[in-house]
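One letter stands for each residue in the lines below.
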Amino acid sequence: MASHSSFERNSAFTHQAKKRFGQNFLNNPDIIERIVRSIAPTSEDNLVEIGPGQGAITAPLLSHCPKLNVIEIDKHLIPILLAQFAKYDHFTIHQVDALKFDFDTLAHEKPLRIVGNLPYNISTPIIFHLLSFQDKIFDMHFMLQKEVVERIAATAGEKSYGRLSVMVQYYCQVENLFGVPPESFTPQPKVDSAIVRLTPFKTLPFVAKDYGIFKKLVNIAFQQRRKTLRNSLKQLLSKDQIDTLPVDTSLRPENITLEEYVNISNLISNSEQ
Ligand code: SAM
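Asker: For this particular structure, what's the right way to read the pairing of strand E4 (residues 91-94)?
Answerer: Within a regular strand, side chains alternate between the sheet's two faces. Looking at chain direction, strand E3 (residues 68-71) and E4 are connected through four bridges and run parallel. When the bridges of E4 are listed, Leu68 appears paired with Phe91.

So this is what it looks like as structure tokens:
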């Protein structure tokens, strides 16, 4: 793979990895190739990479798709990226915090394909931020902590199932693609990683009439994982209303499916009209 090795050969820059920006740089050409193969970029794509770092994934992405926007918070990495990629006419660096970036501004012509080996400390807030642009996104491929991928992909009844599973699966089809060991990074993280593909649904399988109520319901339910649904719902519904719900309210929140959460939230919405 050209990416990392060509950087090491050509660059006069050295960069000290910063913990506060979650900098663990990919060093394994086989893993980089496998990630790029999973993304399968084409020259027609509207690609965005979050956190290009020193360009490990950026280089092979650009070789398939010369139009690429990257969002990098660390100003010290910008000269390193420019030294390698300024030669591409349609390569654009946005030196900003991805959490504050308005992804709508890049989605004029085509839905976005978003890619990122995300900083572990802010991966969940970045995913929630991106979900607010889901109708402008074709797909997302992320490297995340393995446990976070398991939480995103879990279904009702599984140990990792929780708020993150329900909220991401409301909008996206989730595929846990493959694991990546700590040795694939410099410096090595203390945790295992995995690649996940999130594909926003064109038509949502279950539609909450009021997304705010759905979100509140899921938050309240999982704030008190040990409590039964009946107990948690007392904050939102009367005893009579709880008794009419079409789910077994003696269950714990981790046993309630996405469809059931949406149904309950719609009953709450109806009762508030
Ligand atoms: N893509 C590179 C690789 O795979 O080697 C670097 C990945 S490193 C895990 C995460 C990258 O995200 C770093 O380059 C870091 O500076 C950048 N980053 C951290 N927080 C960010 C934020 N809020 N917005 C944009 N980039 C951020």
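Asker: Please explain the sheet that holds strand E9 (residues 193-200) as it appears in this structure.
Answerer: Two pairing modes exist for strands in a sheet, parallel and antiparallel, and in both the strands are linked by backbone hydrogen bonds. Within the open sheet, the seven strands sit side by side as E4-E3-E2-E5-E6-E9-E7. Their pairing is mixed. Edge strands, defined here as strands with exactly one partner in the open sheet, are E4 and strand E7 (172-180). On average, each strand axis in the sheet is inclined to that of its neighbour by 20°, with strand direction left out of account. Across six bridges, the pairing between strand E5 (residues 112-117) and strand E6 (residues 137-145) is parallel.

Asker: Explanation requested: unusual backbone geometry in the structure shown.
Answerer: Residue Pro187 is bonded to the preceding Thr186 through a cis peptide linkage, with omega at -10°. Along the chain, the position of Pro187 falls in the loop between strand E8 (185-186) and E9. One non-glycine residue with positive phi stands out, namely Ala40, at about 50°. By secondary structure assignment, the location of Ala40 is in the loop between helix H2 (29-39) and strand E2 (47-50). Judged by relative accessible area, Ala40 falls into the partly exposed class, the value being 44%.

Basis of the calculations
Residues numbered from 1 in each chain as written. Predicted model: local features only at pLDDT ≥ 70, side-chain atom pairs only at ≥ 80, totals over all residues. Heavy atoms only, no water. Pairing = 2+ DSSP bridges. Helix = DSSP H or I, 4+ residues; strand = E, 2+ residues; numbered from the N terminus. Axes fitted to C-alpha atoms, helices over the stretch in contact; angles between N-to-C directions. Buried < 20%, exposed > 50% of the residue type's maximum accessible area, 1.4 Å probe, protein only.

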